[in-house]
Amino acid sequence: MAKEIKTIGVMTSGGDAPGMNAAIRAVVRAALSSGLQVKGIRRGYAGLLEEDIIDMHTMSVTDIVQRGGTILFTSRCDEMRTPEGQKRAAEVCRKHGIDGVVVIGGDGSFRGAQKLSENGINTVGIPGTIDLDIACTEYTIGFDTACNTAMEAIDKVRDTSASHERCSIIEVMGRTAGHIALWCGISNGSEYVMVPERYDNDEEEIIEKILSKRRKGKKHHIVVNAEGIGRSHELAKKIEERTGIETRATVIGHIQRGGNPSCRDRVYASAMGALAVDILIEGKTNRVVAFKEGKFCDYDIDEALNMTKDIDELLYSMTRRLSR
Ligand code: ADP
Ligand code: F6P
């Protein structure tokens, strides 16, 4: 028989992402409107183990839908990776009367949710990461905002690159995935986009491309590189030496994780937060909310963690065609 849920906990875990606050707000308001009690677990699994738990009411989440970061704070916690830590985390939930937990984070955070579920606490994950590197879903909270932030930063670099007739290598985040790089490569009209999923250590093609564009009369060049490849300063030096074109590297960094969430991030995060609550009310556990083929849905966490994801080949091959 499905376990009846009376009190849910909500936490953010792993790297923060713009839109997490909108998801927290949705979880709290949807749960309250369904007659549940809500507890905020601060600082992810570290806060759970330290019992950093607060009561949440309607006014706890007022004025946050538009704010970046996470009002619940976030962390990475090694103790949660151990069986003892996982057992204790479930005991803390029971002590505080928490029957179900919504975990907003990435794959690592879902592994923690999986362990909590194995230890008797119902769980549901919400994909929150700017990296878009969660296989079961075509949308993750924060990706849209991060891409827009990076795109605007690259536009600015382009202004100065064009003025000096330079080549600019711009490195964007994404951990081991190239989704942000790919989207920025297209939206910024880059000469070349480097993604870890297609990188073969051969930089000759980039150098050739830059030289050929210069011969055609192009006065500046934008190369978008993914963090998963890195070495942007080294690459800039190599390009400058080989092409004779003054080259600079810019690593955009953590500004990509901050800022007010875009409309899409606010709306999708809200929908996912409300859906996560419904899933817990249905008595389900070990689930993760996703957006697939135009619809919100949910998957078993074990199944979701076994899925794999590649960058979009159609978009990637298009970057080649459009930058001729
Ligand atoms: P993300 O959730 O963004 O992928 P991390 O991989 O850093 O970020 O994971 C966030 C947290 O989730 C970790 O600090 C840890 O507390 C928990 N976690 C990660 N992997 C596991 C695991 N295998 N078992 C239990 N908890 C885990
Ligand atoms: O997962 C989000 C992310 O910003 C990645 O793109 C990046 O690799 C990582 O987190 C950086 O983590 P930290 O903030 O701990 O340096």
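The structure we're discussing is the one just above.
This one's a predicted model, so the numbers in the text were calculated from it and none came from an experiment.

S.K.: I would appreciate a short explanation of the pattern of salt bridges in the present structure.
M.R.: Working definition: two side chains of opposite charge can pair if their charged atoms are close together. Tallied over the full model, the rule gives 26 salt bridges. Linking Glu91 and Lys87 is a salt bridge whose minimum nitrogen-to-oxygen distance equals 3.7 Å. Residue Glu91 and its partner Lys87 are both found in helix H3 (residues 83-95); the two are separated by 4 residues, about one turn of the helix. Classification of Lys87 by relative accessible area gives partly exposed; the value is 48%. Here Glu234 ties to Arg231 by a salt bridge, and the two come within 3.1 Å at their closest N and O atoms. Because the salt bridges share partners, they merge into one network encompassing Arg42, Arg43, Glu50 and Asp52.

S.K.: What should I look at first to understand the sheet that holds strand E1 (residues 7-12) in this one?
M.R.: By definition, the strands of a sheet pair up through backbone hydrogen bonds, in either a parallel or an antiparallel sense. Spatially, the 7 strands line up as an open sheet ordered E3-E2-E1-E4-E5-E10-E11, and their pairing is mixed. Looking along the sheet, the strands with just one partner apiece sit at the ends: strand E3 (53-56) and strand E11 (295-300). For this sheet, the mean angle separating the axes of adjacent strands, direction not counted, is 30 degrees.

S.K.: Any chance you could explain the site of ligand 1 here in plain terms?
M.R.: Close to ligand 1 lie 16 residues, the nearest being Arg76, Cys77, Gly106, Gly108 and Ser109. At 2.6 Å from an oxygen atom of ligand 1 is found a main-chain nitrogen or oxygen belonging to Cys77. In this structure, Gly106 approaches ligand 1 through a main-chain N or O atom, which is 2.9 Å from an oxygen atom. Relative to its unbound accessible surface of 550 Å², ligand 1 loses 87% to contact with the protein. At a threshold of 2 Å from the grid points, most atoms of ligand 1 map onto the largest pocket.

S.K.: Before we go on, may I ask you to explain the layout of surface pockets in this structure?
M.R.: Any space left empty among the atoms is revealed by the rolling of a water-sized probe across them. Its volume calculated, the largest pocket comes out at about 700 Å³. Around the largest pocket, the lining is made up of 29 residues, and of these Gly14, Arg76, Gly108, Ser109 and Arg175 lie nearest the centre. No other element matches the 7 residues that helix H4 (residues 107-118) contributes to the lining of the largest pocket. Among the residues making up the lining of the largest pocket, the classes are represented as 6 nonpolar, 12 polar and 11 charged. In this structure, the second largest pocket spans a volume of roughly 270 Å³.

How each quantity is defined
- Residues numbered from 1 in each chain as written.
- Chains lettered and ligands numbered in written order.
- Predicted model: local features only at pLDDT ≥ 70, side-chain atom pairs only at ≥ 80, totals over all residues.
- Heavy atoms only, no water.
- Salt bridge = Lys/Arg side-chain N within 4 Å of Asp/Glu carboxyl O.
- Helix = DSSP H or I, 4+ residues; strand = E, 2+ residues; numbered from the N terminus.
- Buried < 20%, exposed > 50% of the residue type's maximum accessible area, 1.4 Å probe, protein only.
- Pairing = 2+ DSSP bridges.
- Axes fitted to C-alpha atoms, helices over the stretch in contact; angles between N-to-C directions.
- Near = heavy atom within 4 Å.
- Polar contact = N/O pair within 3.5 Å; in protein donor to acceptor, adjacent residues only side chain to side chain.
- Areas by Shrake-Rupley, 256 points an atom, 1.4 Å probe, with all protein chains shown as cover.
- 1 Å grid on protein atoms, 1.4 Å probe; cavity = no way out; pocket = protein on both sides within 12 Å on 5 of 7 lines; lining within 4 Å.
- Sits in = over half its atoms within 2 Å of the grid points.
- Points joined across faces, edges and corners; volume = space filled by probe spheres on them.
- Nonpolar A, V, L, I, M, F, W, Y, C, P; charged D, E, K, R; others polar.

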